[in-house]
Amino acid sequence: IMGMNQKMIVYLDGGHGRETAGKSATITESLKSENFAGGYYSKIVPKMYENEFNDAIVNKVSAYLYAAKQAKQLDLDVYIVAAEFDDVDNGERVRRANAIYDQYPNAKHLYLSIHCDAFTNEAANGFTIYTHTQASEKTLSFAQKLLPILTENHKKFGIISRGVRTAGFEVLRETKMPAI
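For every chain, the first residue of the written sequence is number 1, and numbering continues from 1 along that sequence. Local features in this predicted model are restricted to residues of pLDDT 70 or higher, and side-chain atom pairs are both shown and tallied only at a pLDDT of 80 or more, whereas totals for entire chains, interfaces and linings draw on every residue. Only hydrogens and water are set aside; all other atoms, that is, all heavy atoms of the structure, feed into the side-chain values.

Colleague: Before we move on, could you go through empty space enclosed by the protein and cite the residues and values that matter?
Modeller: Empty space among the atoms can be located by rolling a probe the size of a water molecule over them. The method works on a 1 Å grid over the protein atoms by themselves. A cavity is a set of points holding a 1.4 Å probe that cannot get out, a pocket is an open set with protein on both sides within 12 Å along at least five of seven lines, and residues with an atom within 4 Å of a point line them. Grid points are joined across faces, edges and corners, and a volume is the space filled by probe spheres set on the points. Enumeration according to the criterion identifies one cavity of 30 Å³ or more in this entry. Of the pockets and cavities examined, the largest cavity occupies roughly 50 Å³. Lining the largest cavity are 11 residues, and of these Gly15, His16, Ala82, Glu84 and Arg93 sit closest to its centre. Charged residues are taken to be Asp, Glu, Lys and Arg, nonpolar residues to be Ala, Val, Leu, Ile, Met, Phe, Trp, Tyr, Cys and Pro, and polar residues to be all remaining types, Gly included. For the lining of the largest cavity, a count of residues per class yields two nonpolar, five polar and four charged.

Colleague: An account of the layout of surface pockets is needed here, citing residue identities and associated values.
Modeller: Looking at the second largest pocket, its volume works out to about 420 Å³. Taken together, 24 residues make up the lining of the second largest pocket; nearest its centre are His109, Ser136, Lys138, Thr139 and Pro178. Runs of E in the DSSP output that reach at least two residues are strands. Runs of H or I that reach at least four are helices, and both are numbered from the N terminus. Elements represented by at least two residues in the lining of the second largest pocket include exactly β7 (108-113), α3 (137-155) and α4 (170-173). Considering each element in turn, the lining of the second largest pocket owes the most residues, five residues, to α3. In terms of residue class, the lining of the second largest pocket is made up of 11 nonpolar, eight polar and five charged.

Below is the structure:
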């Protein structure tokens, strides 16, 4: 999607903040070990919040894009639309992205909202690429091009593809640029 001479702007959104209700993985567990001072002990593994995991992915994608920019001398900017640890509501995320879009209307733009949902069911597995129910052809085309790349990459971790689906999520609906 990137032309060598055209500015490209990628917006990265790490999903929910720490305070969003129900957005922590239930990885807290008690581990028992024998022979600790003659008895048992419990070790508590702290909770991981979605935003911590999502932000790690956002930072990795940002670093990858920056390296690609340097290596290929691309006119590429990356914006993390909600770098705060606390919640930034979807409307504010959209406003931030659209404000940048308005400054560079002739650039190519892509909004990536990354959500790795917390779950309690160990059988839950997979990733999904979402587009808006009325997404542009550009958005749908990008989603279809990204799907096999992510599918291949996730296979080695045992993560299955759930395909491309549609939804009315605010960040997909209200952004001025293609968004997935």
